[in-house]
Amino acid sequence: MFMKPRFRLVPDGTRIKFMRGRFMGLIVSAILSTASVVLFFYPGLNLGIDFAGGVVMEVRTPGPADFTQIRAALAEEHIGAQGVQRFGDASEVLIRLGAQPSEQATQAAVTRVKAALDKAVPGAKVLRTDAVGASVSAELFRNGLLALGISLLMILVYIWFRFEWQFAVGAVVTLILDVTKAIGFLALTRIEFDLVMVAAILTILGYSTNDKVVVYDRVRENLRKYKTMPLRELIDLSINETLNRTLGTSMTVFLASLPLALFGGESISGFAWVMLFGIVVGTSSSIFIAAPILLFLGENKLRRDSVAVVAAKARPRTPSGAGAP
Amino acid sequence: MMYFSRLKTWLILGACLIGAILCVPNLLPAPAPWLPWRTVHLGLDLQGGSYLLLEVDMKAVIKERLDGLVDAVRQALRPGGIFYATLEAQPDQNRVLLRLRDASKTEAAVAALRPLISPEGPTAVPDMTVDSTPDGQILLTLSPVALKSRALGAVQQSIEIVRRRIDETGVLDPQITQQGDDRIVVQLPGVGDPERIKTLLGQTAHMTFRLVDTAANANAPGAVPPPGDDFLPMEKDTQQKIAVRKRVDVDGGDLTDARAGTNPQTGEWVVNFTFNSVGARRFADITRANVNRPFAIVLDNKVISAPRINEPITGGRGQISGSFTAGSANDLAVLLRAGALPAPLTVVEQRSVGPELGADSIRAGAMSLAIGFVLVIGFMGTFYGLFGWFANAALVVNLLLMLAIMSLLEATLTLPGMAGILLTLGMAVDANILINERIREESHNGRPPLAALEAGFTRAYSTIFDSNATAFLAHVMLFAFGSGPVRGFAVTITVGIATSLFTAWMLTRLLVSKWYTSHRPRLLPV
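Residues numbered from 1 in each chain as written. Chains lettered and ligands numbered in written order. Predicted model: local features only at pLDDT ≥ 70, side-chain atom pairs only at ≥ 80, totals over all residues.

Things to note about the confidence of the model for chain A
Part 1 of the argument: On average, residues of chain A carry a pLDDT of 86, and 92% of them reach 70 or more.
Part 2 of the argument: Note on residues 315–325 of chain A: pLDDT under 50 across the span, and 10 contacts to partners over four residues away in sequence or across chains. (pLDDT = per-residue confidence, 0-100. Contact = placed C-beta atoms within 7 Å.)

Side note on the domain arrangement of chain A
Part 1 of the argument: Taken domain by domain, chain A comprises domain 1 (18–47 + 137–317) and domain 2 (54–132).
Part 2 of the argument: Its C-alpha centre places domain 1 of chain A at a distance of 41 Å from the equivalent point of domain 2 of chain A. (Domains from an automatic or database assignment.)

Quick word on the interface of chain A and chain B
Part 1 of the argument: Across the boundary between the two partners, chain A contributes 70 residues, which contact 68 residues of chain B.
Part 2 of the argument: Within the residue set of the side of chain A that touches chain B, elements represented by two or more residues are helix H4 (103–120), strand S4 (125–132), helix H5 (134–162), helix H7 (195–225), helix H8 (231–263) and helix H9 (266–298) of chain A.
Part 3 of the argument: Looking at the side of chain A that touches chain B residue by residue, the classes come out as 35 nonpolar, 23 polar and 12 charged.
Part 4 of the argument: The sheet contact formed by S4 of chain A and strand S20 (residues 345–353) of chain B spans five bridges and is antiparallel. Directly across from Thr129 of chain A, in S20 of chain B, lies its bridge partner Ser352 of chain B. (Helix = DSSP H or I, 4+ residues; strand = E, 2+ residues; numbered from the N terminus. Nonpolar A, V, L, I, M, F, W, Y, C, P; charged D, E, K, R; others polar. Pairing = 2+ DSSP bridges.)

Some remarks on the domain arrangement of chain B
Part 1 of the argument: Domain boundaries assigned for chain B yield domain 1 (6–47 + 354–519), domain 2 (49–182) and domain 3 (202–347).
Part 2 of the argument: Using C-alpha coordinates to define each centre, domain 1 of chain B is positioned 54 Å away from domain 2 of chain B.

Concerning the sheet that holds strand S18 (residues 302–305) of chain B
Residue and element names in this part refer to chain B.
Part 1 of the argument: With antiparallel pairing, four strands are arranged side by side in an open sheet as S14-S11-S17-S18. The sheet is open, and its two borders are formed by strand S14 (250–251) and S18, each paired with just one other strand.
Part 2 of the argument: Strand direction decides the pairing type here: strand S11 (residues 207–211) and S14, joined by two bridges, are antiparallel. Bridge pairing links Phe209 to Val250 in S14.

A closer look at the environment of Ala452 of chain B
Residues and elements named next belong to chain B.
Part 1 of the argument: Mapping Ala452 onto the fold places it in helix H11 (residues 449–481).
Part 2 of the argument: Each C-alpha atom, one on Ala452 and one on Glu441, is 8.2 Å from the other, the two residues being 11 residues apart in sequence.
Part 3 of the argument: Apart from the residues within four sequence positions on either side, Ala452 is in contact with Ile439, Glu442, Ser443, Arg447 and Leu524.

A short note on the sheet that holds strand S2 (residues 81–87) of chain A
Sheet strands pair by backbone hydrogen bonding; their relative direction is either parallel or antiparallel.
Part 1 of the argument: Strand order in the open sheet made by the eight strands is S2(A)-S3(A)-S1(A)-S4(A)-S20(B)-S2(B)-S10(B)-S9(B), with antiparallel pairing throughout. Among the strands making up the open sheet, the edge pair consists of S2 of chain A together with strand S9 (175–179) of chain B. Each strand of the sheet is rotated relative to its neighbour by a mean of 20°, with strand direction disregarded.
Part 2 of the argument: Of the strand pairs in this sheet, S9 of chain B and strand S10 (residues 183–189) of chain B are connected by five bridges, and their pairing is antiparallel. Residue Ile176 of chain B lies in a different strand from S10 of chain B, and its bridge partner there is Val186 of chain B.
Part 3 of the argument: Sheet strands in contact with helix H3 (residues 67–76) of chain A are S2 and strand S3 (89–97) of chain A, and its direction is about 155° off that of S2 of chain A. (Axes fitted to C-alpha atoms, helices over the stretch in contact; angles between N-to-C directions.)

Section: the packing of helix H1 (residues 6–23) of chain B against helix H12 (residues 485–519) of chain B
Residue and element names in this part refer to chain B.
Part 1 of the argument: As a packed pair, H1 and H12 sit with axes 11 Å apart at the nearest point and diverge in direction by 120°. Judged on the interaxial angle alone, H12 and H1 are oblique. The chirality of how H1 crosses H12 is left-handed. Residues Thr9, Ile12 and Cys16 of H1 form the contact with H12, whose own contacting residues are Met506, Leu507 and Leu510.
Part 2 of the argument: When the residues that make up the contact of H1 with H12 are grouped by side-chain class, the tally is five nonpolar, one polar and no charged. (Parallel < 35°, antiparallel > 145°, perpendicular 65-115°, else oblique. Left-handed = near helix turned anticlockwise from the far one by under 90°.)

Quick look at unusual backbone geometry
Part 1 of the argument: The peptide bond linking Tyr42 of chain A to Pro43 of chain A adopts the cis configuration, its omega dihedral lying at 10°.
Part 2 of the argument: Tracing the backbone through its elements, the reader meets Pro43 of chain A in helix H1 (residues 22–44).
Part 3 of the argument: Phi angles above zero are rare outside glycine, and Asp300 of chain B is one such case at about 50°.
Part 4 of the argument: Counting through the fold element by element, Asp300 of chain B comes out in the loop between strand S17 (295–299) and S18.
Part 5 of the argument: Positive phi values are uncommon outside glycine, yet Glu410 of chain B reaches one of about 50°.
Part 6 of the argument: Residue placement: Glu410 of chain B occurs in the loop between helix H9 (355–408) and strand S21 (412–413).
Part 7 of the argument: The exposure class assigned to Glu410 of chain B is exposed, which follows from the 10 C-beta atoms found within 10 Å. (Buried ≥ 20, exposed ≤ 12 C-beta atoms within 10 Å, placed from the backbone.)

This is the structure we're talking about:
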């Protein structure tokens, strides 16, 4: 049982005509991304305290938590809590305060919440305290966007350098569409958008690029191999040839993220759900978005006049046995 | 491609072995202090602890410098009989504005102020510029270099004081580092509730001993302090004010020691302090000259107590009383021993995790990791058969190597970092999937086994390289711009990508090659 593969995700030698669905794919993607952009503005992202500033405290009460009592205790101290909600266990409460007017007020709020809790629920334990002032949250937000932007730019330059510009533009446009969908998913599910989510989006970016590069790589190879095949057929062939790999890797990353979503605990499961969503989007966009864009951009260029250029450009980098490390 | 020289084989296996050995320190305590015993550190979110980001109030630093400058200007102009209409610090413009009554004396004034300019730092750049206009206005502006070096000095001095204060509380292994121009990161492992430390760090603890002006009534409504006086609130009751001379007779910087104790007569908590020789002499002089007059002990512009001087205190020792509890007396003693901060510190970010929650996170992370690992291994085994198991062996080694490199770097493992390990497991097998699919394709195209293996590994190489390079770039950016636990995520993924290239490309190839030479199969099990 350890020798032979047990079964395959897709049978060998499929000849699915993916490029027939190219308009459909682009239209669906455009609709989803537009909807995501709308969701981004209304209702908007549920910004976590990393980016919005404020205070979050996770509290464990001795018995099942009495939310009305805690709310009343906070109200009595004139603490404007944005939310008092259950967090995981029945005895765990998440108290959230919005951004405070100053750094000092943020710190004072922490102390006041603690005092109010001590009075109302003796024996309550503060498990976690996060307090972020306004200046820091603005900085974190800026750095998050910067990381995202520079990553996209570097991916663009890298693919441009290794492939043709049509590939790079196709990849980056697809990635932007992927990212907007992930943001729409965040806005829709109300999963908190914090630093960890920036990490999730960057990981999706990395994963999705990886997927596109594999398909593109096969396109590049087939361009050299089948000099007369129309680009449309050639892209279809390349997707079919890499289909098992595309789905296989999606499966392993999906399987790796799934336990995080189910058992990783409240603070990491949001990350994992976004990852799972991103894997599905990233995989399908390689086939239905990145490839059609390449077809549109390269229909005349890649096939006719620049075959020689592509071949010449790729040959020196083709690894030989001697070139391997 | 499929041939491995003996040397190469041993090098690959040796690298794996070294990786395994480097993981050992994580399991055992160091047997001897001289052994390099590098381990992965648990992040504060896993072991419990607090992260505080403090900001040094640079405005206060500049304002203090300008206030000092105003005093110096006043003294410099007095001997020459130069009178002025305005003399004020303008902290927003980093300057002192001086307007003379008699514009004709501008040159004389500038000459008198010249000695105030002192070279700043080893480059001997003047620390300020003096500009005058013919109508008698003189501006003393601090130079950017001076501002910068002063800010740096203030941050470094603050770090030192913060360290001393935290050391006094007995926290183990605190980490205190500078971040950016004006920030200090304080990491306190094991401290889930940093309230006391925040209180200790939240005070400048600048203590002064000054005479009380008994002639002025600070509590009269609408009273304005006479020149040379300050109306300061009492520590106990801030509504109650007291008129205190501006002139500082003895400064807290002259203290050598401070301890909490109890007064044997009343039994109340007090703080006993000792002056150094300069402080002792000045304290003796002042108390001798002012017997029977009240004397204010001022901490951060609040009067702790204003006792009457009964007799000259010449021994350089004194006692502060003022309705202390055991805790507050101890805290004050700690603050006085550690010294005053050059400027107030503000906590701009706090992340505290109690040890309970940390343990929960470790449990959740470990469980996810185990389940994810089993799922990925099961998938590879069923979908790729023997070659899948080669990949699984490489995956285990990959995990070891990741741990080894992270130990070498003494990297911090956070909860997102654990998620990163899991994702790396999922992505690391991608290289093997690419190789296996390729071998299968080549084999189905009718190539004999060895040729199929050769072609599979060769052709998959550029794909593997390109696809990993882009993911690598994205995570390097995350490390550069991320902070805290998210950086831990970036570290595990970048390290994981690097090690997976080695295990997929070298180790799996070695395993496949050894298997091929020993079995010589006529058909590949793909």
